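# A structural walkthrough
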Amino acid sequence: MRLLLTLCLAFMCLTREMGQACPTTFTTSECYFNGAATKQPSYSNPNQFFIVGGLFDVHNKGDGTQLCSDQISSAGILNVLAFFWAIDRYSAQIIDTNRISVGAVAFDNCMRPEMTLKHILSYAQCDIFIQNLPASNLVAFVGPYTNEDATRAGNIASDLKITLVSPTANALDQSLTKQNTLLRLSPSFVYDLKAIVEFLKQVKSGYVIIIYAGSDSFWKAAFDELKNQMDQSICIQYTADYNSIAMNDLLSALSLRKKAKYIVPLMSKSDFGDLLEAMNTSNLTNLESFNYIITSGIGKDNKFLSSFGILTTGSIVIDHEESSTDWTSFTSYLTSVQNNSTLVKYVPSRWLTSISSMLPSDWLNATSYLKHSLINTLKSVLGIIQGVDTLMRTGCASRTNYQFCDSFRNQANSREEIIYTEIKSVTIDKLEKQYSYSIFLPETESFLEIGSAIVVSSSGSLSTKFYINVMDVNRFGYKFSVPVCPIPGECCEPPTTQQPVITTSGSQSDVTPNQKSR
């Protein structure tokens, strides 16, 4: 009898894996997927609840023997906490909870894009089934968070008519023609690049060096776009593909061009850190004269910049601004969680390892990326709940008021044409077509704001309004003095032809080139 029961259970699980139609109940719990964090809806009637999904990188990627590492990502777990906190808060504020409830499911993708795809597809096709949370009631996912993940997941979500709201994806592609149901809350990186060009114009740079990670499609596209946007008054004096040049050759080339003054590193924080570390340990003595123009890809990260000492003291940080009226309330909640993790609801205890050590000691000086992702996670959940609430208040095809009715669940096109459109209308469409950036200088334990810029999108082109005080000689002039010709003949007029001075050793003296006035 026990063998027969075992075979029956195995057959039930196998039919789930083969993608059979989703049943409403199981007679056993063995087939339920329990690898996610979940919030159960208050009502069981399918017309009385909807589900918000989340796609997070809670654990780091594992090695060859395991998919997921035991190490927790601080950004990943904090975004999960933001997700569930926002579900509770905005459901109570917006939804008519006497008639409708909100359930939630958060998957851990362990920084593997293939796991993101698996979770989206398997949940949609009922290859995994979560107790009391049928995929037919899913309205949207919050996430994914990386560009690679968002691009891949956006393709399959578009085919499945599932809405994704990514808090942090910022790839340059504005059309997203293959990701028809992907919404993004962060500005495209083209806005950062426009702000860089305008900064260089303001400080009358004349020259700039660009180092980019050519093996990464995102940074390669950013490099090509920055070249296209560069103002005619500024010469790109030197470029290097960080992934294809030997480090010694790169450092030697930079040391010859120290007078160019400004370097734009288009690469990940880890690559940029490796470059700075190589400079720190190099025998070359003139690599500390550069000013790095750092974008929102790295943003304000005082611990990171200060760890490289004098190399980064002249850095410029151009970072877009994010705000939320609920930020103070949310960070207060995180502080309470830090002191007592038992206050966390819905999240498995195995995900909360070392949560007490993951919060910044001062939120004012928290890294930009962490703050941006958390604020936009809150905004993503808010937009989804607002959109579905508005949709339900308009009534179903039968004009039944305020229900998550059959037409929202059972027609694939409604997921895109109805649910996606309504969520888009309260998230993306209501955002202004402009983004504010602040210009910062890193100080000992904080950042000094020295100016701001507003980048505006109109009819497919970008324009910039710049407000900046970097030319104040008494305060900032010593940091932003106008560069001089890096190497004669490159961006500058060639050296004046003159007879070399012959010394007794037979060597030639240095020739002073004419400088091109600007």
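All values reported here derive from a predicted model rather than from experimental measurement.

What follows covers the packing of helix H5 (residues 189-202) against helix H6 (residues 217-229). At a closest axis distance of 10 Å, the pairing of H5 and H6 adopts a crossing angle of 40°. As judged from the angle between their axes, H5 and H6 are oblique. For the crossing formed where H5 meets H6, the hand is right-handed. From H5, Phe 189, Val 190, Leu 193, Lys 194, Ile 196 and Val 197 reach across to H6, where they touch Phe 218, Trp 219, Ala 222, Glu 225, Leu 226 and Gln 229. Looking at side-chain class alone, the contact of H5 with H6 contains nine nonpolar, one polar and two charged residues.

A few words now on the pattern of salt bridges. Under the defined criterion, the tally for this structure stands at 14 salt bridges. Glu 114 serves as the salt-bridge partner of Arg 112, at 3.3 Å between the closest nitrogen and oxygen. The partner of Lys 194 in a salt bridge is Glu 198, and the shortest N-O contact between them spans 3.9 Å. Residue Lys 194 and its partner Glu 198 are both found in helix H5; the two are separated by four residues, about one turn of the helix.

The subject of this paragraph is the environment of Asp 224. Mapped onto the elements of the fold, Asp 224 is located in helix H6. By relative accessible area, Asp 224 is classed as partly exposed at 27%. Between the C-alpha atoms of Asp 224 and Tyr 212, which are 12 residues apart in sequence, the distance is 9.9 Å.

Next up on the list: the side chain of Asp 271. Relative to the helices and strands, Asp 271 resides in helix H8 (residues 269-281). Of the side chains bearing the opposite charge, Lys 269 lies closest to the buried Asp 271, which forms no salt bridge; the N-O distance is 13 Å. Once residues within four sequence positions are removed from consideration, Asp 271 is found in contact with Ala 213, Tyr 242 and Asn 243.

The next subject is the sheet that holds strand E7 (residues 163-166). Ordered in space as E1-E5-E2-E6-E7-E8, the six strands form an open sheet in which the pairing is mixed. Only two strands of the sheet have a single neighbouring strand rather than two, namely strand E1 (37-39) and strand E8 (182-184). Recorded for the sheet is a direction-independent mean angle of 20° between the axes of neighbouring strands. Both strand E2 (residues 49-56) and strand E6 (residues 138-142) contribute to a ladder of four bridges, which runs parallel. Across the sheet, residue Val 52 finds its bridge partner in E6, namely Ala 140. This element, helix H3 (residues 113-124), spans E2, strand E5 (101-108), E6 and E7 of the sheet and lies at about 140° to E5.

Moving on: helix H4 (residues 147-160). An α-helix turns once per 3.6 residues; consequently, residues spaced three or four apart project the same way. Counted at 1.5 Å a residue, the expected span for H4 with its 14 residues is 20 Å, and the 20 Å between its end C-alpha atoms agrees. At Gly 154, H4 shows its largest kink, close to 25°. Restricting attention to buried positions, one finds in H4 the residues Asn 147, Asp 149, Ala 150, Ala 153, Gly 154, Ile 156, Ala 157 and Ser 158. Those residues of H4 that are buried lie in contact with H3, E7, E8 and H6. Taken from the residues just after H4, Lys 161 is the one with a positive phi, measuring 65°.

Cut-offs applied
Residues numbered from 1 in each chain as written. Predicted model: local features only at pLDDT ≥ 70, side-chain atom pairs only at ≥ 80, totals over all residues. Heavy atoms only, no water. Axes fitted to C-alpha atoms, helices over the stretch in contact; angles between N-to-C directions. Helix = DSSP H or I, 4+ residues; strand = E, 2+ residues; numbered from the N terminus. Parallel < 35°, antiparallel > 145°, perpendicular 65-115°, else oblique. Left-handed = near helix turned anticlockwise from the far one by under 90°. Contact = heavy atoms within 4.5 Å. Nonpolar A, V, L, I, M, F, W, Y, C, P; charged D, E, K, R; others polar. Salt bridge = Lys/Arg side-chain N within 4 Å of Asp/Glu carboxyl O. Buried < 20%, exposed > 50% of the residue type's maximum accessible area, 1.4 Å probe, protein only. Lys, Arg positive; Asp, Glu negative; His and termini not counted. Pairing = 2+ DSSP bridges. Expected span 1.5 Å × (residues − 1). Bend = angle between axes of the 7 residues up to and from the residue.

Worth remembering: the numbers are spatial, not functional.
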